[in-house]
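The primary structure of each chain is shown beneath.
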Amino acid sequence: MRGLMKHIKINALFLFLTLSISVFASLAAETKIAVDQFGYRPDAKKTAVLKNPKIGFDSLDTYTPGPELQVILSSSDEVVFSGAPVLFNEGTIDTASGDVIWWFDFSEIKSEGRYYIYDPENDMKSYEFEIKESVYNDVLKAALRVLFYQRAGFVKEAAFAGEKWADNASHLQDTSANSFFYKTDPSTAKDVHGGWYDAGDFNKYTTWTSNYVETLLLAYLDNPEAFTDDYDIPESGNDIPDIIDEVKWGLDFLLRMQNQDGSLLSIVSLKEASPPSSTTFPSFYGDANTSATLGGVKAFALGARVFRYLKLDDYADTLVLAALRAFEWAETYPDSIFHNNSSSNQSTNLGAGDQEIDNEVNRIAYRLNAALHMYELTGNKDYLLIFENNWKDLPLHKWSNFVSQYWHADQMMFFRYLKMDGASKSIQEEISTKLKTGFLKEDDFVGAFDSDGYRSFIKDYNWGSNSYKAIYGLSFAKLAEHNLDPANNDIYKEKAEEYLHYIHGVNPFTQVYLTNMSSFGATKSITTIYHSWFKDGSSEWDFVSDSTSGPAPGFLAGGPNSDYTWDECCDKESCGGEANNAKCYLESLPIQEPASKMYKDINTSWPINSWEITEPSMGYQTNYIRLLSLFVEKKGKPLSLAPEKVKQSLPLQWNAFFRASELGIQINENIQEILLLDAKQRILLQKQVYGKEVYTHVDHLAPGMYFVKVKTISGKSYVKPVLKIKP
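What you see is a predicted model, and the numbers here were worked out from it, not measured in a lab.

A. Quick look at the overall build of the protein. When helices and strands are tallied, the protein shows 18 helices and 21 strands. The C-alpha radius of gyration computed for the protein amounts to 28 Å, which stays within 12% of the reference 27 Å derived for 727 residues, consistent with globular compactness. Expressed as lengths along the three principal axes of its C-alpha atoms, the size of the protein is roughly 100 × 65 × 50 Å. Evaluated residue by residue, the protein yields a buried proportion of 59% over its 727 residues. Contacts in the protein between residues far apart in sequence, at least 24 positions, make up 67% of those at least 6 positions apart.

This is the structure we're talking about:
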């Protein structure tokens, strides 16, 4: 029997590998000329990449370009440009892809129109692409609309979602969710509805949600005119950019996650279903922790600034108070740790990924980022000093000018600091030097860019590599913006855009890594993702080619993952029976491919574990949105960055008084905290507030002398005696 099983396994593996070669070869045969399938801006660098596969699934499908390539205007088949391809790196095999590569520069073509590249000797042509200034505007709309599809607890009406992806509101039970640890205790019920499904799973993680809010708001501040009010979401047409409407959806959820003491709950665990509205299982939340609360700080603080800029003062005031309360709690409880989905914490099945940040260096970085956001909000230098006194504990200094794709958030924080008013000039200069040294090192970023045949180097292709592509692009854009290496600013801007081209088709698969983008101009975009709505086997949403609709447009898949593999039970034929073991061989999978070919357009769940390569994430999505928004035609409204600031001058006068059962305070600077003390300086009342005119109940106070102490948002404190007289 053992010999028979071994024979069966060998035959199955042979069939599996044969299918792999045939399936992948059929894909590779489509074209060997990779272009951005959406197109190029007229003044952008335009380079097609041609490949002759040497290593990997497509190595039998050879190609050598002819001596002349042509750019053809699709409408007339007119040759508008011709030139010779240039062999990359003297014909050395590209490490990441296993291909021999040629580059074809057609940057001279600037006239608007639809084109394709043609190799007359091989009768090979690229997919069509467009040249125009607004070539990415609709792509940006599709990418941002993904967050609308990911909204929990919101009706996806056909008028906005499209008939194919319409659905009723999901997870309405989140309006009364119990604690995971007291599932049947109604006294723990909280309203935690809203927010976004985090990825292919539907859980809502506070720390990660705050990251998405921060990234979207920074994208808006990078280029406000990139964003318009016509993205076909329910809020469109309200005279507010739709990216801000989407941000508010996330902020509203974070506000619901805040406890009365200022802390934020860490997670809401949601059950999955297809469509999402069909689940009736209850949701549960996890405990508050420091990292979630600091995440709330940065989202609230940055949100308050932007909503103030947009003159939405009432909402900005709400966010200011939330930020102040959250930061105070986080400083009081800096080591509050909560691991979800952890057997040691008795939280197994509370969510999927663990949202906790328990690495000491990461926790320091998270606190410093929150403090900088509070400084930008308030102008209170106490927050700034938290950063300036502790930044050397981070890798940029601690590890000798260290920059990396894994420390992107911290590097973006350092870039922000370089432009902050009131910051230490000497520290700014030191950080600027370290960033330049780190990004210009030989084996990564600037130093390694030209070593990649597909013109978009990243050091590691692992889980979420498409997000790292966006991160590298953003890093090059920031190098140019901050003038760290002025002689090369234009080159860095070009390099930033090359990472978009990779996602849009300049990759070994010549495919767009966004779902279902044919209606946006892409000839070959991915057809499926690992997602609980658009799941494997769905007759409605599985594959674009095999079902009525496939997934909604615009989802960015995780991308090639050099560490991807099936579950180890497949190796041992121990997946729980013959039926489960057979699942291991239902798909041809990338095995020992070059790093950038470790991908397959599949959405099969366990034991194939396709989530390691095709699952989307709102982290990937928002990084891509931020990069893409730098290269769209500006059609939105400019943003005035000189509104009435939260920061105010020192108060010239203020008044405190008793009125009936209330204590009233009037002051010309926003305050964040009031204390009421008796004649012996004992605290009778301590309350966090926000505003210039505050009233609070103080019942049962005897007549006599009291002291009112206020702390302003700028960090100043004032004390005034107040007499309560007998009525």
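B. Focus on a nonpolar patch on the surface. Residues Met705, Leu723 and Ile725 make up a contiguous nonpolar surface patch of about 310 Å² in total accessible area. With respect to the secondary-structure elements, isoleucine 725 resides in the segment after strand 21 (717–724).

C. Looking closely at the nonpolar core. Membership of the largest hydrophobic core comes to 162 residues, with the highest contact counts inside it found for Leu251, Ile431 and Leu435. Broken down by element, this core gets its largest block of residues, 11 residues, from helix 6 (residues 290–309). With residues near it in sequence (within four places) discarded, leucine 435 still touches Leu396, Val403, Phe414, Phe415, Leu418 and Leu484. Core analysis: the next-biggest nonpolar cluster, separate from the first, contains 26 residues, Ile109, Tyr115, Met124 and Phe129 among them.

D. Geometry of the confidence of the model for the protein. Taken over all residues, the pLDDT of the protein has a mean of 92, while the share at 70 or more is 94%. Below a pLDDT of 50 lies the segment residues 1–29, which in the model reaches 32 contacts outside its immediate sequence neighbourhood of four places, other chains included. With pLDDT under 50 throughout, residues 643–651 is counted as low confidence; its partners more than four residues away or in other chains account for 26 contacts.

E. Region of interest: the packing of helix 11 (residues 408–417) against helix 13 (residues 465–481). The N-to-C vectors of helix 11 and helix 13 enclose an angle of 15 degrees; their axes lie 11 Å apart at closest approach. As summarised for this structure, helix 11 and helix 13 are arranged roughly parallel, according to the angle between their axes. Considering the relative orientation of helix 11 and helix 13, their crossing is left-handed. The residues of helix 13 that touch helix 11, namely those facing His408, Met412 and Phe415, are Ile471, Leu474, Ser475, Lys478 and Leu479. Of the residues in the contact of helix 11 with helix 13, the class split is five nonpolar, two polar and one charged.

F. Here's a closer look at the pattern of salt bridges. If you walk through the whole model with that rule in mind, you get 34 salt bridges. One salt bridge connects arginine 367 with glutamate 331, and the closest N-O pair in it is separated by 2.8 Å. Linking arginine 367 in helix 8 (residues 360–378) with glutamate 331 in helix 7 (residues 313–332), this pair joins segments that are 36 residues apart in sequence. Overall, the relative accessible area of 27% leaves arginine 367 in the partly exposed class. According to the relative accessible area criterion, glutamate 331 is partly exposed, its value standing at 31%. Salt bridges sharing partners connect three or more residues here, namely Asp222, Lys419, Lys478, Glu481 and Arg626.

G. Up close: the side chain of lysine 600. The topology assignment puts lysine 600 in the loop between helix 16 (578–583) and helix 17 (611–614). Of the buried charged residues, lysine 600 lacks a salt bridge, with glutamate 587 as the closest side chain of opposite charge at 4.2 Å. A polar contact is formed between the side chain of lysine 600 and the side chain of serine 588, at a distance of 2.9 Å.

H. Focus on the pairing of strand 3 (residues 47–53). With respect to burial, strand 3 is a largely interior element, seven of its seven residues being buried. With burial as the criterion, each face of strand 3 is covered, one bearing Thr47, Val49, Lys51 and Pro53 and the other bearing Ala48, Leu50 and Asn52. One ladder, built from seven bridges, connects strand 3 with strand 7 (residues 99–105); its direction is antiparallel. Paired with lysine 51 across the strands is isoleucine 101, a residue of strand 7.

I. Summary view of the sheet that holds strand 7. Here we have four strands laid out as an open sheet, ordered 1-3-7-6, and antiparallel in their pairing. Only two strands of the sheet have a single neighbouring strand rather than two, namely strand 1 (33–34) and strand 6 (86–87).

J. Summary view of the side chain of serine 588. Inspection of the secondary structure puts serine 588 in the loop between helix 16 and helix 17. With a relative accessible area of 6%, serine 588 lands in the buried category.

K. Examining the sheet that holds strand 13 (residues 267–269) more closely. Here four strands make up an open sheet; going across it, the order is 11-14-13-12 and the pairing mixed. If you trace the sheet from one side to the other, it starts and ends with strand 11 (178–179) and strand 12 (204–205), each paired once. Note that strand 12 and strand 13 share two bridges and pair antiparallel. What sits directly across from tyrosine 205, in strand 13, is isoleucine 267.

Calculation rules
- Residues numbered from 1 in each chain as written.
- Predicted model: local features only at pLDDT ≥ 70, side-chain atom pairs only at ≥ 80, totals over all residues.
- Heavy atoms only, no water.
- Helix = DSSP H or I, 4+ residues; strand = E, 2+ residues; numbered from the N terminus.
- Rg over C-alpha atoms; globule rule 2.2 N^0.38 Å.
- Buried < 20%, exposed > 50% of the residue type's maximum accessible area, 1.4 Å probe, protein only.
- Contact = heavy atoms within 4.5 Å.
- Patch = residues over 30% accessible without salt bridge, like charges linked within 9 Å, V, L, I, M, F, W, Y side chains within 5 Å.
- Areas by Shrake-Rupley, 256 points an atom, 1.4 Å probe, with all protein chains shown as cover.
- Salt bridge = Lys/Arg side-chain N within 4 Å of Asp/Glu carboxyl O.
- Core = buried A, V, L, I, M, F, W, Y, C linked by side-chain atoms within 4.5 Å.
- pLDDT = per-residue confidence, 0-100.
- Axes fitted to C-alpha atoms, helices over the stretch in contact; angles between N-to-C directions.
- Parallel < 35°, antiparallel > 145°, perpendicular 65-115°, else oblique.
- Left-handed = near helix turned anticlockwise from the far one by under 90°.
- Nonpolar A, V, L, I, M, F, W, Y, C, P; charged D, E, K, R; others polar.
- Lys, Arg positive; Asp, Glu negative; His and termini not counted.
- Polar contact = N/O pair within 3.5 Å; in protein donor to acceptor, adjacent residues only side chain to side chain.
- Pairing = 2+ DSSP bridges.

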